[in-house]
Amino acid sequence: MAQDTLDLPLNFKFWLNKAVAWGQATTFESQQDVCLHLPQLQKFLQQIYETLKHMDFPVAIQRFPLIGQLLGRLCWNPFVIGYDENQKILMWCLCCLYCSEPRNPIELEANIWIRSLLCHLLSSSKLGPNEVGTISQALGYTSPDYYPKLLKNMVLSLVTELRVNHLNGFSIRKIIPDRPVKAMSLLCVPLLTLPDILPLLEALLTYHGDEPKEVLCSEFLEGVNEAFLQKKIALSESAILSLWLRHLPSLEKATLNLFENLISRHRNFPQEMECFTKDSLLPQAACHPSIFRIVDEIFRNALLETNGTSEVLTIIQVFTRCFVQAFQKDNQQLKFPLKSYFPYASSSLIMVLLQNPKDLPIGRWCQHLNYISETLQKIVEDQSIQSCGNLFEHWFLFIHFGEWADIAAEELLMLRAESPAALLWLLAFYYNPCDRNQKRTQTMVDAREAHGCIMKLFSRTPLSVKDLQAVAGESSEADTRHPYIQRLMRHLLLNFLLLSPEGHKIAQEFITTQTDEIANEFLNLIAHTTYRWRRLGIETLRPGKLARDLLQELQCYRTKSVLL
Amino acid sequence: MELLLEQLERFAEVLAASRTRHAGSWGRVAVRRSLRWARYLRHVHGRFRRRGPVRAALEEGLRGLRLQAEAHAGPCSASGPGQLRSFEGLGRADQLLALGLLDNAAVQGPALHELLRHLRPEREEPEGPEDESGLRDRLAELARRRAASQLLLQLLGPGPSPAQAEPVLRRTEAELLLLRLHEEPEVGAEALLLDRLWVQLPRPRWLDVVTEALLLQPMPRPDRDEDEEDPGSQTDLGQSAAEPLLAWLLAHPAALATLCRLLPAPVLASLAAGYSALAKAFLDLLAQWGSRLHFDLIQGTWVGTGPERLSWERLRDCFRCFCQCPASLRNEALRVLKDYRTRDGSFGAPGLSVWTDLLQDLGENEPPGEAEAAEPGAEMPGILDLGCKP
């Protein structure tokens, strides 16, 4: 393909051939071909301009004898001119070639030609496609007055037509057959980012033919999704829902895009994560169960492939929180039972997990956690005779509402739990769902021991980093505990650091002695804990400020160490 | 403020000159300066568009300038394309200037080269790169919108001038017409402008646009620059701007008659339903023309004789459409028909009075005691029933 090589003359030939073949792009096939090549063409034009800008006309003509033919043909192709920044770059190219003081008839001719092409592009001399310019001109208006209005009215007319057609969808006679709708969607491809045509895009996206077959062309659907993901257009929720429902690749791409952005940019900033997630409109669209199930499927794969990394867990939890908000807001008119979102999980478990901690008095959190733990235990014990897949489904559901696991860890350290065993079981299940019965007994023994060790730290003054390292198992030669138990232990330890005054004093020192990976895990936990406190409105009861300071110090420290 | 108004005045002159052959003598420096000036006025527009008093003063200044220009050069001197006519125009001053120069074949060589240099990205501009790129970007956007209209035009139907495109084009021109009337500097100027357009433009098309403008629903004034919301211009541009149009039409019998003759009956009825003064005028005309129809005994039909060549079918269609309108218009139309029928002697037999036959056609022929006399004859309508006077 042309862009694979940096050989400009070779590319030049390729694009000139294309321009000749396209003509003014009158057939559906040539239009499709233009649309396919538009992004590459823009890159090529940029390249040409970068070369031309250092040349005067004679040198340019020597280097590219057919430049006039290429530019002229492209300027007459509305697909090319309508796309993104093509028209701008073509204008720059033409401006480069203009001779300030023409020395021979060729340069004189070229100047006249350049001017006529520019006038054609901006149509200041000839308004409108037909002879309609006369009236506008007689009124004293020029193209900047005319085209925005014309375009608005064209869009309005087409939108009305589509809507009428849609309403008449079941009547015998349709105004527009599906083929022109397809052609319409293709013609919109170069114009996607032009704000004037947004109403047309939305009308097309919500338009359905009477056949199950897709009436919009895939170039259009992909293009709209791409422009939306790059934030070049702002679509309404209903339009984007319609796009994702009718075009699965777009939904997958949107979900992966969310993943990439959350992981690469917003990892340690839960508030940003939440804003970005909401802006993606995915949680809102997920109020439609079909969308939710597909997004959830992608989450499930990510979780399995990464073996449950904390980043993926966090993303699932943030997404679920946004989804629940949208669902509850939406559900006044709606429509779908919760079971349609989580078809494999028990309804009673869905209901208890869905309980927002904010809506419960703090004193009843432990009771609620006990209830979650009991419900899950019952299911897991039943699991012994059922398949492992079903166990996974319940764990996967619990993961969505991981906030309850965080609260369990906190309650364990604050000694508010009447039966710490139930909460420890919940935490152990969160970190290691796959244990068989016998192994789970061992896990519970380990978990209890870890909890006991940490609780003892409360009475130790002064506390040293060494004490913490001993508990974390770093002083012994090889920590034989299972990695899941180590993660559980770190979760509890972090809560200790935040909640005990002694622990807080040495928190930074301790965390900076950890490996990068573990330090990151701590940082992530602190960020999410402080954000949770703030969200639940319990910050004043907790050493929230201390935690925030710690977070800030650690972030500074890490930035410095990365720079060094 | 005075200084600003003076600059406004100068710039309006520069802009007007940019489209004349005088601009042929401009060199690089003149082009550069005029563009800088345009940028400055764009800046003024951006700064004051939300400030009522300054904006009002500038608008007043512009109105004064136009009156002054008209006093010098005759009415409608500011009617040429790309002139500075309104405060909103200041926001596009640089675009108007650039397009004016580009369009002007007298501007050549270094002067045009200078203009084109301003359209390239790498030009160094010490005093405000944003404004510079602003002009470039807005021109590119214009080219993009033009291409978009070309593409969408294909969707409005097949062929080079698709059928569905016509209403869209007409509506656009109607909006511009209303805008233009709104921009006129003083009461009375609108009539002069409309007189000129009546003479200058092809008739049927122009009257279509006038009709469309009268039928446009009152709408919020469309924004001149979509990217710049302009709260000061959110006045209604519907009925109020249509008023001078209506007044002009009522004062021009020839225009009214052409409308009445050429407009499709349903459109004529919509106009009449919207404006009672027009309803009266149309009904008067139709009555007047209808009275000139005579009954052709051989063919058994009503035929037109007047210069307007009004046919029976056309007359019938118009009254049918009027009768489908809201009650007031329907009643008025029926009243006219009945008055004329009475004037003709209230004959009940067909073929004697065009009004009786029209009422019969509309199903409204119920003069008391005449029902039995109103039986239509087959081939030869009741011309022999002359004795049936009530």
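Below: a short report on this structure.

Cut-off values and rules
Residues numbered from 1 in each chain as written. Chains lettered and ligands numbered in written order. Predicted model: local features only at pLDDT ≥ 70, side-chain atom pairs only at ≥ 80, totals over all residues. Heavy atoms only, no water. Helix = DSSP H or I, 4+ residues; strand = E, 2+ residues; numbered from the N terminus. Buried < 20%, exposed > 50% of the residue type's maximum accessible area, 1.4 Å probe, protein only. Contact = heavy atoms within 4.5 Å. Areas by Shrake-Rupley, 256 points an atom, 1.4 Å probe, with all protein chains shown as cover. Phe/Tyr/Trp six-rings, centres within 6.5 Å; stacked < 30°, edge-to-face > 60°. Salt bridge = Lys/Arg side-chain N within 4 Å of Asp/Glu carboxyl O. Buried area = accessible area lost by both parts, 1.4 Å probe. Polar contact = N/O pair within 3.5 Å; in protein donor to acceptor, adjacent residues only side chain to side chain.

Some words on the overall build of chain A
Along the backbone of chain A there are 29 helices and 0 strands. Residues classed as buried in chain A amount to 57% of the 564 residues present. Expressed as a percentage of contacts within chain A between residues at least 6 apart in sequence, the contacts between residues at least 24 apart total 70%. Carbon together with sulfur atoms contributes 56% to the accessible area of chain A, which is approximately 25200 Å² in total.

Quick look at the packing of aromatic side chains
Residues and elements named next belong to chain B. This structure, assessed with the given rule, holds 30 aromatic pairs over all chains. Residues F319 and F322 carry aromatic rings whose centres are separated by 6.2 Å and whose planes lie at 55 degrees to one another, so their mutual orientation is tilted. With F319 and F322 both in helix α15 (residues 312-323) and 3 residues apart, this pair spans about one turn of that helix. For the pair shown, F319 and F322 are each scored as buried.

Section: the pattern of salt bridges
Two side chains carrying opposite charge are able to pair once their charged atoms lie near each other. Residues and elements named next belong to chain B. Counted by the stated rule, this structure contains 42 salt bridges over all chains. Notably, a salt bridge pairs E141 with R145, separated by 3.9 Å at the nearest N-O pair. One end of the pair, E141, and the other, R145, are both in helix α7 (residues 129-153), 4 residues apart, so they sit about a helical turn from each other. We classify E141 as partly exposed; its relative accessible area is 30%. On the basis of relative accessible area, R145 is assigned to the buried category, the value being 10%.

Notes on the interface of chain A and chain B
If you look at the interface, chain A gives 67 residues, while chain B gives 70 residues. Of the roughly 6300 Å² buried at the junction of chain A and chain B (both faces included), carbon and sulfur atoms supply 66%. Linking chain A to chain B there are 4 salt bridges. Where chain A touches chain B, the interface holds 23 residue pairs in polar contact (both at pLDDT 80 or more). Counting only elements with at least two residues in the side of chain A that touches chain B, the list comes to α2 (28-52), α5 (78-82), α6 (86-97), α7 (105-122), α8 (133-138), α9 (143-167) and α10 (178-188) of chain A. The element contributing the most residues to the side of chain A that touches chain B is α9(A), with 16 residues.

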